[in-house]
Amino acid sequence: MLKNVYSTGCKTGAMEASPMTRASFAEKGFSEYIEYTSKDDGYVYFTHHNVLSDCCDEAIEVSIEREGSDIVIVESEDNLCNCICPFDVSFELGPFTFGKYTVKIKRQFDWASDSAPSDYFTFSFFYPGHGKVEVNR
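Predicted, not measured: the structure shown is a model, and the values here were computed from it.

Here is what the cut-offs are and how they apply
Numbering of residues begins from 1 in every chain and follows the order in which that chain's sequence is written. Since the coordinates come from a predicted model, pLDDT governs what is reported: local features require at least 70, and pairs of side-chain atoms require 80 or more to be given and counted, while whole-chain, interface and lining totals use all residues. Side-chain calculation: all heavy atoms of the structure are included, whereas hydrogens and water are not. Secondary structure elements are defined from DSSP: runs of H or I of at least 4 residues count as helices, runs of E of at least 2 residues count as strands, and each element is numbered from the N terminus. Here the term buried applies to any residue with accessible area under 20% of the maximum for its type, exposed to any over 50%, and partly exposed to those in between, with areas from a 1.4 Å probe on protein chains only. Contact between two residues is taken to exist if any of their heavy atoms lie within 4.5 Å; hydrogens are not considered. Areas reported as accessible are Shrake-Rupley estimates using a 1.4 Å probe. Residue values count occlusion only from the protein chains shown. Any N or O atom pair separated by 3.5 Å or less is treated as a polar contact, with the protein-specific requirement of one donor-capable and one acceptor-capable atom, and with residues adjacent in sequence counted only for side-chain atom pairs. Pairing of aromatic rings covers Phe, Tyr and the six-membered ring of Trp, with a centre-to-centre limit of 6.5 Å; geometry is then stacked below 30 degrees between planes, edge-to-face above 60, and tilted otherwise. Put simply, a charge is over a ring when the Lys NZ or the Arg CZ is close to the ring centre, within 6 Å, and near the line of the ring normal, within 35 degrees. Pairs of cysteine sulfur atoms within 2.5 Å are what we label disulfides.

1. Remarks on the overall build of the protein
When helices and strands are counted, the protein shows one helix and 10 strands. Out of the 137 residues in the protein, the part that is buried amounts to 43%. Taking the intrachain contacts of the protein between residues at least 6 apart in sequence as the baseline, contacts between residues at least 24 apart amount to 69%. A total of about 7,400 Å² of accessible surface is found on the protein, and carbon and sulfur atoms cover 50% of it.

2. A short note on the side chain of Ser-90
Relative to the helices and strands, Ser-90 resides in strand β7 (residues 83-93). Among the polar contacts made by the side chain of Ser-90, one reaches the side chain of Tyr-45 at a distance of 3.5 Å. Within the structure, the side chain of Ser-90 is placed 3.2 Å from the side chain of Thr-47, a separation counted as a polar contact. If sequence neighbours within four positions are ignored, Ser-90 has contacts with Asn-4, Val-5, Tyr-6, Tyr-45, Phe-46 and Thr-47.

3. Description of the packing of aromatic side chains
The geometry of an aromatic ring pair comes down to the distance between the two centres and the angle between the two planes. For the structure on display, the rule yields 12 aromatic pairs. Where Phe-46 meets Phe-125, the ring centres are 5.7 Å apart and the plane angle is 80°; that geometry is what we call edge-to-face. Taken together, the residues Phe-46 in strand β4 (residues 44-54) and Phe-125 in strand β9 (residues 118-127) connect sequence positions 79 residues apart. Accessibility classification places Phe-46 together with Phe-125 in one group, the buried group. Between Phe-96 and Tyr-127 the ring centres are 6.0 Å apart and the planes differ by 25°, which places this aromatic pair in the stacked class. Linking Phe-96 in the loop between β7 and β8 (99-109) with Tyr-127 in strand β9, this pair joins segments that are 31 residues apart in sequence. Take Phe-96 and Tyr-127: they sit in the same class, and that class is buried. One aromatic cluster is present, formed by Tyr-36, Phe-46, Phe-91, Phe-96, Phe-98, Tyr-101, Phe-121, Phe-123, Phe-125 and Tyr-127 through successive ring pairs. Arg-66 extends its terminal NZ or CZ atom over the ring of Phe-96, reaching a point 4.6 Å from the ring centre.

4. Some details on unusual backbone geometry
Following Gly-94, the chain continues to Pro-95 via a peptide bond in cis, the omega torsion being -5°. With respect to the helices and strands, Pro-95 occurs in the loop between β7 and β8. For the bond running from Tyr-127 to Pro-128, omega is -5°, close enough to zero to count as cis. Among the structural elements, Pro-128 can be located in the loop between β9 and β10 (130-134). The phi dihedral of Asn-4 is positive, around 50°, even though this residue is not glycine. By the secondary structure assignment, Asn-4 is in strand β1 (residues 2-7). At Asn-50, a residue that is not glycine, the phi angle is positive and equals roughly 60°. Structurally, Asn-50 can be placed in strand β4.

5. A few points about the state of the cysteines
This structure, assessed with the given rule, holds one disulfide. Note on cysteine connectivity: Cys-10 is disulfide-linked to Cys-85, with sulfurs 2.2 Å apart. One end of the pair, Cys-10, is in the loop between β1 and β2 (15-16); the other, Cys-85, is in strand β7, with 75 residues separating them in the sequence. Relative accessible area serves as the criterion here: at 34%, Cys-10 is assigned to the partly exposed category. Classification of Cys-85 as buried rests on a relative accessible area of 0%.

Note that all results are geometric; they support no functional claim without further evidence.
Written out as structure tokens, the structure reads:
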């Protein structure tokens, strides 16, 4: 179950969208990473830092698909502007039992098309636990 979803909105420094934008944000110190922390109730609190998204979005929507130890987290946006900026996205996911889980983060851009582009990142973690994972796409 997914709960307590929160998105910061555009943090700072919107830039014109281009193939070099991700590198430009990295040069400014905005590295993309995921932090997670287990809670006593079986949930894990995730924060996806510096997600590059459309600067016209006020929030990034989150949904999940879970099959056993495989979890797909879909982060989506629904606006189309020619600028992007970093967002932080936080949510709780669970309940988990002891074990190893694989998470795929899928960025879905809704451009009114079933063939809208997607961007993926996959990592594994153990419950209970905490950690930080750098996102390298």
